[in-house]
Amino acid sequence: MSNQPSNHYISRLLAKVFDIKIAEIVSYYLLDFFLTNVDSIVEVPIFSHIVTVLVFIVYDSSFQFFADGSLGKKIFNIYLVSKEEENHKIPFQKILYRSFYVCCFGLGFLLPKISILFALFTFYYLYRNGTTHWDKILKLRPMYKPISYGRMVWIAVCFLFLLSSYFQILRNYF
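None of the values given here were measured: they were computed from a predicted structure.

Cut-offs and rules
- Residues numbered from 1 in each chain as written.
- Predicted model: local features only at pLDDT ≥ 70, side-chain atom pairs only at ≥ 80, totals over all residues.
- Heavy atoms only, no water.
- Helix = DSSP H or I, 4+ residues; strand = E, 2+ residues; numbered from the N terminus.
- Buried < 20%, exposed > 50% of the residue type's maximum accessible area, 1.4 Å probe, protein only.
- Contact = heavy atoms within 4.5 Å.
- Expected span 1.5 Å × (residues − 1).
- Axes fitted to C-alpha atoms, helices over the stretch in contact; angles between N-to-C directions.
- Parallel < 35°, antiparallel > 145°, perpendicular 65-115°, else oblique.
- Nonpolar A, V, L, I, M, F, W, Y, C, P; charged D, E, K, R; others polar.
- Patch = residues over 30% accessible without salt bridge, like charges linked within 9 Å, V, L, I, M, F, W, Y side chains within 5 Å.
- Areas by Shrake-Rupley, 256 points an atom, 1.4 Å probe, with all protein chains shown as cover.
- Salt bridge = Lys/Arg side-chain N within 4 Å of Asp/Glu carboxyl O.

Moving on, we get to the overall build of the protein chain. What the protein chain contains, in helices and strands, is eight helices and two strands. When each of the 174 residues of the protein chain is scored for burial, the buried share is 43%. By sequence separation, contacts in the protein chain at least 24 residues apart represent 74% of the contacts at least 6 residues apart.

For the rest of this paragraph, the subject is helix H3 (residues 45-67). Helix length check: H3, at 23 residues, gives a terminal C-alpha distance of 31 Å against a target of 33 Å (1.5 Å per residue), a fit within 8%. Elements in contact with the buried residues of H3: helix H1 (8-34), helix H4 (71-75), strand S1 (78-82) and helix H5 (92-106). Asp68 sits one or two positions beyond H3 and adopts a positive phi of about 60 degrees.

Two elements in contact, H5 and helix H6 (residues 112-129), have axes separated by 8 Å at closest approach and are oriented at 110 degrees. Taken together, the axis directions place H5 and H6 in an arrangement best described as roughly perpendicular. Of the residues in H6, those touching H5 at Cys104, Phe105 and Gly106 are Ser115, Phe118, Ala119 and Thr122. Split by residue class, the contact of H5 with H6 holds four nonpolar, three polar and no charged.

In this structure, Asp68 takes a positive phi of about 60 degrees despite not being glycine. Among the secondary structure elements, Asp68 is positioned in the loop between H3 and H4. You will see that Leu110, though not glycine, has its phi angle at about 60 degrees, which is positive. Along the chain, Leu110 turns up in the loop between H5 and H6.

Position of Ser70 among the secondary structure elements: in the loop between H3 and H4. Accessibility expressed as a relative area gives 0% for Ser70, which makes it buried. Apart from residues no more than four positions distant in its own chain, Ser70 is found in contact with Asp19, Tyr59, Asp60, Phe63 and Gln64.

So, on to a nonpolar patch on the surface. A surface patch of nonpolar side chains, amounting to about 430 Å² of accessible area, comprises Val26, Leu30, Phe33 and Phe34. Take Phe33: it is sitting in helix H1.

Encoded structure:
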């Protein structure tokens, strides 16, 4: 079994898109739940953006620690191992650092125009070095399992459900 299948770049990208959309949906519902009038607070985009970034970091860290991978990683058969201690669970502090690094350096704090630039740089670095700079610093290695045809169908269904939910929120927002 190959450690790095030919689709690992696309798998990582789509897994991250999946996780970002989940964080955006959860942050919208959190704002809606805790605040009585979401429409007035969403007009101040900095607050909703900060909530989205915090939700992404908490979501990514907690799923990685407790479930050994975020939902995006789970559906694409990606998991992390430590280069130093492959059979040990990765400490929560290291996972939290990784989530912060991904959000900051890999996604540009999810700022719309900046995040594309950061993502392009990250994938260029990944292509040139075979790893991201935060995984290199934290001594982590993503592992990839092959994706079966049944899993591809499951991925398509998950993305349709996720994007349907996301566009429903956008439709209600505007």
